[in-house]
Amino acid sequence: MSRFWHVRSARTATLLSTCLLLLGISTTFLVICLIRVASGSWPSWITGFLDSAKNIVWENSSLLALAIGVAVIGLLLLIAALVPGKRRTALLEWDSVHEHEEWVADNRGLANLARYEAERTDGVGGASPILRGKKLHVGVSTPVHETRDISQSVQANVQEVLSAIPLAHSISVSVKATTRGGQ
Amino acid sequence: MWKPNSVRQRVFLALLGLLLMAGGACVAWLSWNSTQNGLAQKRLIDSFPAQMPEVGIYIAGALALISIMLIVVMVSALPRKPGKRTFIYQSDKGTGISTVDSGTVALAAREAAESTPEVAHADIRINGTVKSPILYARFALRVDARPMDGMGLVRDVLIPQMEQALGARFARKHVNIDFQPKISGTSAKTTLT
């Protein structure tokens, strides 16, 4: 079963921007070449560039720099293509390849749930959860100076609500409380 | 509900990267070793096997081909939604034939889901065939409702009801459960002034 939701991040923006840039360059030069072939002379707005380009020799340092730049860009694109992206979803227990059922929970949604639970805890002013793989880190701000009890309460509350969700892999919760705005 | 052509995008990106890297490295190598190759003072333009206007025609042809290929790459790698194709399920119960469009079932299921207190938003698509329908769905649950209530509603009520309406079990289900942040309304807190 091919998955629809639980997939690694795509490279849409990188591919589109690269293709559009190359398309712009190739189309511009295509038009210039067609004008040259049709009219027998180069368009006036490109003659200056062509005159300088005509005299470029192989040992020109600008040519070497340009070629190295293009090669580096190519290498970066290759790395971007090969580096596996992160998945933005977590599998649920109900997910089953054999039964052709894909069940996932959105990572951002889980973070929203954690934020809601953390902010419901007594003494918490605000919460900012970050979910990375199977680890959820919740930063909470509180006006209380003694933060240990609040951290423990938030950790217990968030862990409880996440445990209620039938995730295929459990998520461990860590909390860091900082005092803000207290007297 | 977009499906990114992840593999295709990565393949195209890798090929583009390899082409640029190979081209750039080749020119850089020739330029770097131009003295040994005897190319040092040779003009770049003189390295082409033909002169204008013939070379212009070749370059124009190559650029046109590159432009077409780039457009094909972009179009084929764009993210897309699951097919909009709907089908009509027909049931004959002896008393008459009733028909239902899968798009109507999806719409009704969405409205039913959104009318419950647990589901804030639903996006449902059904495609496939009459005998083997495929479900693509995303349910955004409210964070202030109990998560398992919403998830149970989706799994045990909404989806079986859709299957009942379609008269067939889903051959494949792709379900995403999201949790929507609570929209803050007017504060009920008393402000001391």
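Thresholds, definitions, all that
Residue positions within a chain follow its written sequence, with the count starting from 1. Lettering for chains starts from A, numbering for ligands starts from 1, and both go in the order in which the items are written. At least 70 in pLDDT is required for a residue's local features to be given in this predicted model, at least 80 for side-chain atom pairs to be given and counted, and no such filter applies to totals for whole chains, interfaces and linings, which use all residues. Every helix listed is a DSSP run of H or I at least four residues long, and every strand listed is a run of E at least two residues long, numbered separately from the N terminus. C-alpha atoms define the radius of gyration, and 2.2 Å times the number of residues to the power 0.38 defines the globule rule. The exposure label follows from counting other C-beta atoms within 10 Å of a residue's C-beta, where the C-beta atoms are placed from the backbone and the thresholds are 20 or more for buried and 12 or fewer for exposed, leaving partly exposed in between. Throughout, a residue-residue contact means that the two C-beta atoms, derived from backbone geometry, are no farther apart than 7 Å. Think of it this way: DSSP has to see at least two bridges between two strands before they count as a pair. All axes here are fitted lines through C-alpha atoms, helices being fitted over the stretch that makes contact, and every angle between N-to-C directions spans 0 to 180 degrees. Each residue gets a pLDDT score, which is the predictor's confidence in that residue and runs from 0 to 100. A helix is expected to reach a length of 1.5 Å times the quantity of its residues less one. Starting at the helix axis, one direction is taken to each C-beta atom, and the arc is that of these directions. Working definition: roughly parallel below 35 degrees, roughly antiparallel above 145 degrees, roughly perpendicular at 65 to 115 degrees, and oblique for all remaining angles. Crossing handedness: left-handed means the near helix sits turned counterclockwise from the far one by under a right angle, and right-handed means the same turn made clockwise. Basically, the charged four are Asp, Glu, Lys and Arg, the nonpolar ten are Ala, Val, Leu, Ile, Met, Phe, Trp, Tyr, Cys and Pro, and anything else, Gly included, counts as polar.

A.B. asks: Any chance you could explain the overall build of chain A here in plain terms?
C.D. replies: Within chain A, the secondary structure is distributed over five helices and five strands. Walking chain A from its N terminus toward its C terminus, one meets helices and strands in the order α-α-α-β-β-α-β-β-α-β. In summary, chain A has a C-alpha radius of gyration of 28 Å against a globular reference of 16 Å for 183 residues, an excess of more than 25%. Judged by the C-alpha coordinates and their principal axes, chain A covers about 80 × 55 × 30 Å. For chain A, with 183 residues in total, the buried portion stands at 32%. Taking contacts inside chain A between residues at least 6 apart in sequence as the whole, the part at least 24 apart equals 56%.

A.B. asks: Even after reading the chapter, I still don't get the overall build of chain B, so can you show me in this structure?
C.D. replies: Of the regular secondary structure elements, chain B holds five helices and five strands. If you list the helices and strands of chain B from N to C, you get α-α-α-β-β-α-β-β-α-β. By the burial criterion, 30% of the 193 residues in chain B qualify as buried. Contacts spanning at least 24 positions in sequence make up 62% of the contacts within chain B whose residues lie at least 6 apart.

A.B. asks: What is the right way to look at the interface of chain B and chain A in this model?
C.D. replies: One frequently used descriptor of interface size is the decrease in accessible area upon assembly of the parts. Contacts between chain B and chain A engage 65 residues on the former and 61 residues on the latter. Elements with a minimum of two residues in the side of chain B that touches chain A: helix H1 (6-32), helix H2 (34-37), helix H3 (54-77), helix H5 (147-166) and strand E5 (172-180) of chain B. With 20 residues, H1(B) is the single largest residue contributor to the side of chain B that touches chain A. With five bridges joining them, strand E2 (residues 101-106) of chain A and E5(B) adopt parallel strand pairing. When the bridges of E5(B) are listed, Trp103(A) appears paired with Val175(B).

A.B. asks: Help me understand the sheet that holds strand E5 (residues 172-179) of chain A, please; the structure alone is not making it clear to me.
C.D. replies: By definition, the strands of a sheet pair up through backbone hydrogen bonds, in either a parallel or an antiparallel sense. Residues and elements named next belong to chain A. Pairing in this open sheet of three strands is mixed, and the strands run E3-E4-E5 from one edge to the other. On the outer flanks of this sheet lie strand E3 (126-132) and E5, each paired with one strand and no other. On average, each strand axis in the sheet is tilted by 15 degrees relative to the strand beside it, whichever way the strands run. Those strands touched by helix H4 (residues 107-120) are E3 and strand E4 (135-142), and its axis lies near 150 degrees from that of E3.

A.B. asks: Explain the confidence of the model for chain B to me, please; I cannot follow it from the model alone.
C.D. replies: As a general rule, the predicted coordinates of low-pLDDT regions are not to be interpreted in detail. Residue and element names in this part refer to chain B. Chain-level pLDDT for chain B is 82 on average; 82% of the residues reach the 70-or-more range. Here strand E1 (residues 88-92) stands out as the element of chain B with the lowest mean pLDDT, 62, in contrast to E5, whose mean of 93 is the highest. Among the prediction metrics, the complex's ipTM stands at 0.76, with pTM recorded as 0.74.

A.B. asks: Before we go on, may I ask you to explain unusual backbone geometry in this structure?
C.D. replies: If a residue is not glycine, its phi is most likely negative; likewise, a peptide bond is most likely trans. Positive phi, close to 55 degrees, is recorded for His100(A), a residue that is not glycine. When you line up the elements, His100(A) lands in the loop between strand E1 (89-91) and E2.

A.B. asks: Mind showing me how you'd approach the sheet that holds strand E4 (residues 133-142) of chain B here?
C.D. replies: Overall, mixed pairing links the five strands, which are arranged E1(A)-E2(A)-E5(B)-E4(B)-E3(B) in an open sheet. Edge positions in the sheet fall to E1 of chain A together with strand E3 (119-128) of chain B, since each has one partner strand and no second. For this sheet, the mean inter-axis angle between neighbouring strands, taken without regard to orientation, is 20 degrees. Bridging between E1(A) and E2(A) involves three bridges; their strand directions are antiparallel. Within E2(A), the residue paired with Ala90(A) across the bridge is Ala105(A). Packing against the sheet, helix H4 (residues 102-114) of chain B makes contact with E3 and E4 of chain B, and its axis sits at approximately 165 degrees to E3(B).

A.B. asks: Teacher, can you tell me more about the pairing of E3(B) here?
C.D. replies: Here is the key point about a regular strand: its side chains alternate between the two faces of the sheet. Residue and element names in this part refer to chain B. Most of E3 sits out of view: seven of its 10 residues are buried. Here nine bridges tie E3 to E4, and the two strands are oriented antiparallel to one another. Residue arginine 125 lies in a different strand from E4, and its bridge partner there is tyrosine 136. Linking E3 to E4, which pair antiparallel, is a turn of four residues.

A.B. asks: Would you mind going over helix H3 (residues 61-82) of chain A with me for this structure?
C.D. replies: Note on helix geometry: an α-helix contains 3.6 residues per turn, so any two residues three or four positions apart are oriented the same way. With 22 residues, H3(A) should reach 32 Å at 1.5 Å per residue; the first-to-last C-alpha distance of 31 Å fits that figure. All of the buried residues along H3(A) are Ala67(A), Val70(A), Ala71(A), Gly74(A), Leu77(A) and Ala81(A). Relative to the axis of H3(A), the buried residues are bounded by an arc of 120 degrees and lie together on one face. Residues Ser61(A), Ser62(A), Ala65(A) and Ile79(A) are exposed on H3(A) and point more than 90 degrees away from its buried face. Tucked into the core, H3(A) has its buried residues touching helix H1 (12-39) of chain A together with H1 of chain B.

A.B. asks: How should the packing of H3(A) against H1(B) be read in this particular structure?
C.D. replies: Any two packed helices are characterised by how steeply their axes cross, that is the angle between the axes, and by the distance between the axes. The N-to-C vectors of H3(A) and H1(B) enclose an angle of 155 degrees; their axes lie 7 Å apart at closest approach. The angle between H3(A) and H1(B) falls in the class roughly antiparallel. The handedness of the crossing between H3(A) and H1(B) is left-handed. Considered class by class, the residues forming the contact of H3(A) with H1(B) number 24 nonpolar, five polar and one charged.

A.B. asks: What is the right way to read the pairing of E5(A) from this model?
C.D. replies: One ladder, built from eight bridges, connects E4(A) with E5(A); its direction is parallel. Its bridge partner being in E5(A), Lys135(A) is matched across the sheet by Ser172(A).

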